[in-house]
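As a plain string of letters, each chain reads:
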Amino acid sequence: MAHQVAKLAAAGVDHVVLATSYRATDFAPVLGDGASVGLRINYVTESEPLGTGGGLRHASTALCAGPDEPVVVLNGDQLSGHDLAAQVTHLERTGAEGSLHLVEVPDATAFGCVPTDDADRVTAFVEKSPRPVTRQINAGCYVLRRRLIDAIPAGRVVSIERETFPDLLGAGRVLVGYREPAYWRDVGTPQALVEASRDVVRGVATSPAYSRPPAERLIGDASVADCELVRGGSAIGPNARVEAEAVVDGSVVMAGALIGKGAQIVDSVVGSGARVGARTTVRGAAIGDGATVGAECELLDGVRIGCDAVIADASIRFTPA
């Protein structure tokens, strides 16, 4: 979400309303009031989950936009390199009520499909199906006129995908699809988050929140021994330590973490305050905040260790099914 806030600021957005529910108190300590990236953040919390549309309607009470002004709406679990300002311009140019960012994927069975006509007008919303009608999917970024948001029923659960958008089409309102062949990834699973982090530090994905070139390492206040290797654009957080002979490649090592002597961290995420033992290999895996992994372990291809978990020396050597 820090990547998303930075992306909004770079596109000229000056006010963000964050709709929270689950673990609502976790966000403000990280994102703050938005001043660090030049915008203002308000937090609105649902006492009961209201769905994608109901939550948007609930949060709209904090919006400053007028009824005809465009409001950018982002799902919190996607990382996109598309041109957000261009999507807003697309809405204005077409005169539509709403613009949806659409991407093509090789297999659309896990996503809602959004077919469009030759004029970019959205013609339907088709939920997940074993036989998708198109490979074009909803990428989770909308630009909507404020009046559309205000028309969502307040105080009840509403799905914007299953109810709001189909109802708008049924009423003859014009929604358009904005397509751009830019980086996009759904980061709704731990493994996808690891892969997205790898893509950012290696430069496959770009983000205003990570502006250093891929070949440059981000050390901050970290302690890095003379004979280690940090490569692939890896990000090493403040007060982290990478000991001698360790290799960190295409990975994110967060604040206060310790990477032991001779360990190898490749295409992975090591959480804040975590400890990785000497000569342990972590490849394509995630280690939660405060977890401890002993010496000479192997964590490969999708393994994830929960926050504060403890793994004994040489006790884990497997690739999950």
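What comes next concerns the included structure. (Residues numbered from 1 in each chain as written. Predicted model: local features only at pLDDT ≥ 70, side-chain atom pairs only at ≥ 80, totals over all residues. Heavy atoms only, no water.)

**So, the environment of Arg57**
For the record, the criterion: Every helix listed is a DSSP run of H or I at least four residues long, and every strand listed is a run of E at least two residues long, numbered separately from the N terminus. Throughout, a residue-residue contact means that at least one pair of heavy atoms, one from each residue, lies within 4.5 Å. For the purposes of these results, a polar contact is taken to be a pair of N or O atoms within 3.5 Å, where, inside protein, one atom must be able to donate a hydrogen and its partner to accept one; residues adjacent in sequence count only when each atom of the pair is a side-chain atom.
Its place among the elements puts Arg57 in helix 3 (residues 51–59). For the pair Arg57 and Ser268, spaced 211 residues apart in the sequence, the C-alpha separation amounts to 37 Å. Beyond its immediate stretch of four places on either side in the chain, Arg57 contacts Ile149, Asp150, Ile152, Pro153 and Ala154. A distance of 3.0 Å separates a polar atom in the side chain of Arg57 from the backbone oxygen of Ile152.

**Considerations on the sheet that holds strand 20 (residues 286–287)**
Just so we agree on the cut-off: Two strands qualify as a pair provided that DSSP identifies no fewer than 2 bridges between them.
The 5 strands lie next to each other as 11-14-17-20-23, forming an open sheet whose pairing is parallel. Strand pairing shows two members of the sheet lacking a second neighbour, strand 11 (235–236) and strand 23 (304–305), which therefore form its edges. As judged from the 2 bridges shared by strand 17 (residues 269–270) and strand 20, these two strands associate in the parallel manner. Residue Val270 lies in a different strand from strand 20, and its bridge partner there is Ile287.

**Comments concerning the nonpolar core**
Put simply, the rule reads: Among buried residues, those of type Ala, Val, Leu, Ile, Met, Phe, Trp, Tyr and Cys that are joined through side-chain atoms within 4.5 Å constitute a nonpolar core. Remark: exposure states derive from per-residue accessible area (1.4 Å probe, protein chains only) relative to the maximum for the residue type, with buried under 20%, exposed over 50%, and partly exposed in between.
The biggest cluster of nonpolar side chains holds 23 residues, and the ones touching the most others in it are Val253, Ile259, Val270, Val276, Ile287, Leu299 and Ile305. If we skip the residues at most four places from it in the chain, Ile259 touches Arg241, Val242, Glu243, Ala246, Val253, Ile265, Val270 and Val276.

**Considerations on the side chain of Thr134**
By the secondary structure assignment, Thr134 is in the loop between strand 5 (98–104) and strand 6 (136–145). Within the structure, the side chain of Thr134 is placed 3.1 Å from the backbone nitrogen of Gln136, a separation counted as a polar contact. Beyond its immediate stretch of four places on either side in the chain, Thr134 contacts Ala108, Cys113, Val114 and Pro115.

**Considering the pairing of strand 1 (residues 15–20)**
Within a regular strand, side chains alternate between the sheet's two faces. A large share of strand 1 lies buried, amounting to 5 of its 6 residues. Alignment of strand 1 against strand 2 (residues 40–45), held across 6 bridges, turns out to be parallel. Bridge assignment links His15 to a residue of strand 2, and that residue is Arg40.

**Considering the sheet that holds strand 6**
For sheets, the rule is that strands pair by backbone hydrogen bonds, running either parallel or antiparallel. Quick reminder of the rule: Axes here mean lines fitted to C-alpha atoms, for a helix over just the part in contact, with angles spanning 0 to 180 degrees between N-to-C directions.
The strand order 3-6-5-7 describes an open sheet built from 4 strands, whose pairing is mixed. For this open sheet the edge positions go to strand 3 (70–74) and strand 7 (175–179), each flanked by a neighbour on one side alone. Direction aside, neighbouring strands of the sheet carry axes that sit 30° apart on average. When strand 3 meets strand 6, the two strands line up antiparallel, connected through 5 bridges. Each residue of the ladder has a partner; that of Val71, found in strand 6, is Leu144. The sheet strands contacting helix 4 (residues 84–94) are strand 3, strand 5, strand 6 and strand 7, and the helix crosses strand 6 at an angle near 70°. Strand contacts of helix 6 (residues 160–170): strand 5, strand 6 and strand 7, with the helix running at about 65° to strand 6, the strand carrying the most contacts.

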